[in-house]
Amino acid sequence: MVKEFSGLTDEEAAIISRTGALEMEQVDRMIENVIGTMPVPFGVATNFMINGKDYLIPMAIEEPSVVAAASNAARMTRAAGGFVTSSTEPIMIGQIQLVDVKDPFGAKMTILQHKEEIISMCNEKDPILIKLGGGVRDIEVRVIDTMNGAMVITHLLVNTLDAMGANAVNTMAEAVAPFLEEVTGGRVYLRIISNLAVLRLARAKAVWKKEEIGGEDVVDGIVEAYAFAAADPFRATTHNKGIMNGISAVVLATGNDTRAVEAGAHAYAAYISDHYGPLTSWEKNADGDLVGTIEIPLAVGLIGGATAVHPTAKAAVRILGVKTAKELAEIMASVGLAQNFGALRALATEGIQRGHMSLHARNVAVMAGVPKDMVDEVVKRMVAERKVRMDRAKDILSEIQKGN
Ligand code: MEV
């Protein structure tokens, strides 16, 4: 029907319906109205040493240069010991919205008085999580001012261990809602996880020795770039986009929820100060070397969701060799820091276009119909001339064929 409606050719329809690593039956169970899959390149970044251990990093992304930049950045920090990481416990927040409460502050106290009952009501919903050591750790209640008057917002703080946690948290929030209505006399509307995971932070730090990265001028350039991002949301957005190039690629490769992580990261970038700012910081230490740090909410898991069923995601987790969601999040933070370093170093020196150029030139040469054995030569000439265009690729090809 889609083919008919949209006038797709047989070839176009066949391309969409390819399923690659997945069986049609599997994809059909994952989402609705499935007609095929959308393949994305899967690369492996190298050189990552994190807490003294070597990792290969699976990355699923369509953008050229990202995997190379991450690998390069990771290589240049090895001399100073690579990445050092830490993280909080994996605590997710579930929100329950109560409206029409006559005495919102009184209701807040009532809810807090029933904390233990609320916690056990929630924990009953997920005995396996409790058995493994997770579950609701605490609750907090906020009275917020809205355009429709005061609302009482209860937060369930849930340790979701190795799961991203949305299922567990949403089930708990729904389960406890009637009790909150009963004790406060208010009405519950929303019962849902918050993607602003401020209690599930991953951190990474790395030092890049000045001689490894092109000297003290480069260190200064990166620190200037950071100051720009810290002062200007227009720049901070692009700065953070570069960080997410790395993080989202690992999130996607491991079958985690890219939208949850992206929403949380950008919201956190606005939450931590009075305006949207960078998720990393860059300083020069006493030796004149560059110190980079990142602290970012990362709601990612190893069990549940696509991570547990998608064969490529499962293989990606095996490549990483991670055993816990915390370890996974800390790796992602390191990749984000490396990616940011790569972008800032390029931007503060020669710009990013030259690095992009040769992969782009390769695509252009192939699109221009250059035969395989001549692609390298055509690419070399286009990059040298800084003329990466289809017409130039065709001209160079005929020059080569004429023997010039
Ligand atoms: C491009 O995908 C990412 C960069 O724009 C990041 C940055 O500007 O820091 C290069």
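In what follows, the structure referred to is the one given above.
All values reported here derive from a predicted model rather than from experimental measurement.

## Looking at the pairing of strand 8 (residues 201-208)
Of all 8 residues in strand 8, 6 are buried; the element is thus mostly enclosed. Here strand 3 (residues 83-87) pairs with strand 8 via 5 bridges, running antiparallel. The residue bridging Ser86 from the neighbouring strand is Arg203, located in strand 8. Here strand 8 runs beside strand 10 (residues 290-297); their pairing, made up of 8 bridges, is antiparallel. Residue pairing in the sheet places Lys205 in a bridge with Thr293 of strand 10.

## With respect to the sheet that holds strand 6 (residues 149-159)
Ordered by their spatial adjacency, 4 strands build an open sheet running 5-6-4-7, and the pairing between neighbours is antiparallel. The open sheet has two free edges, formed respectively by strand 5 (135-146) and strand 7 (187-194), since each of these has just one partner strand. Pairs of neighbouring strands in the sheet enclose a mean axial angle of 20°, with direction left out of account. Pairing of strand 4 (residues 91-99) with strand 7 involves 6 bridges; the strand directions are antiparallel. Note that in strand 7 the partner of Leu98 across the bridge is Val188. Relative to the sheet, helix 5 (residues 104-113) contacts strand 4, strand 5 and strand 6, its axis offset from that of strand 5 by approximately 180°.

## Some points on the environment of Ala346
Tracing the backbone through its elements, the reader meets Ala346 in helix 15 (residues 325-348). Classification of Ala346 as buried rests on a relative accessible area of 18%. Taking the C-alpha atoms as reference points, Ala346 and Ile222, 124 residues apart in sequence, are found 9.3 Å from one another. In this structure, Ala346 is in contact with Gly351 and Ile352, ignoring residues within four places of it in sequence.

## Focus on the side chain of Ser87
Structurally, the position occupied by Ser87 is in strand 3. For Ser87, a relative accessible area of 16% gives the class buried. At a separation of 2.5 Å, a polar atom in the side chain of Ser87 contacts the side chain of Glu330.

## What about the site of the ligand?
If you check the shell around the ligand, you find Glu63, Arg235, Thr238, His239, Lys241, Gly242, Asn245, Ala343 and Leu347 and nothing else. Between Glu63 and the ligand, the recorded distance is 2.6 Å, taken from a side-chain N or O atom to an oxygen atom. The side chain of Asn245 places a nitrogen or oxygen atom 2.9 Å from an oxygen atom of the ligand. Coverage of the ligand by the protein amounts to 85% of the 300 Å² it exposes when considered alone. With respect to the pocket detection grid, the ligand is positioned in the second largest pocket. Of all elements in the fold, only helix 11 (233-253) and helix 15 reach the threshold of two or more residues within the shell around the ligand. With 6 residues, helix 11 is the single largest residue contributor to the shell around the ligand. Counted by class, the shell around the ligand contains 2 nonpolar, 4 polar and 3 charged residues.

## As for the packing of helix 6 (residues 115-123) against helix 8 (residues 166-184)
At their nearest, the axes of helix 6 and helix 8 sit 8 Å apart, and the two run at 140° to each other. Comparing their axes, helix 8 and helix 6 come out oblique. At the point where helix 6 passes helix 8, the crossing takes the right-handed sense. Judged by residue contacts, Glu117, Ile118, Met121, Cys122 and Asn123 of helix 6 engage Met172, Val176, Phe179 and Leu180 from helix 8. Tallied by class, residues from the contact of helix 6 with helix 8 come to 7 nonpolar, 1 polar and 1 charged.

Each value, and the rule that gives it
Residues numbered from 1 in each chain as written. Predicted model: local features only at pLDDT ≥ 70, side-chain atom pairs only at ≥ 80, totals over all residues. Heavy atoms only, no water. Buried < 20%, exposed > 50% of the residue type's maximum accessible area, 1.4 Å probe, protein only. Helix = DSSP H or I, 4+ residues; strand = E, 2+ residues; numbered from the N terminus. Pairing = 2+ DSSP bridges. Axes fitted to C-alpha atoms, helices over the stretch in contact; angles between N-to-C directions. Contact = heavy atoms within 4.5 Å. Polar contact = N/O pair within 3.5 Å; in protein donor to acceptor, adjacent residues only side chain to side chain. Near = heavy atom within 4 Å. Areas by Shrake-Rupley, 256 points an atom, 1.4 Å probe, with all protein chains shown as cover. 1 Å grid on protein atoms, 1.4 Å probe; cavity = no way out; pocket = protein on both sides within 12 Å on 5 of 7 lines; lining within 4 Å. Sits in = over half its atoms within 2 Å of the grid points. Nonpolar A, V, L, I, M, F, W, Y, C, P; charged D, E, K, R; others polar. Parallel < 35°, antiparallel > 145°, perpendicular 65-115°, else oblique. Left-handed = near helix turned anticlockwise from the far one by under 90°.

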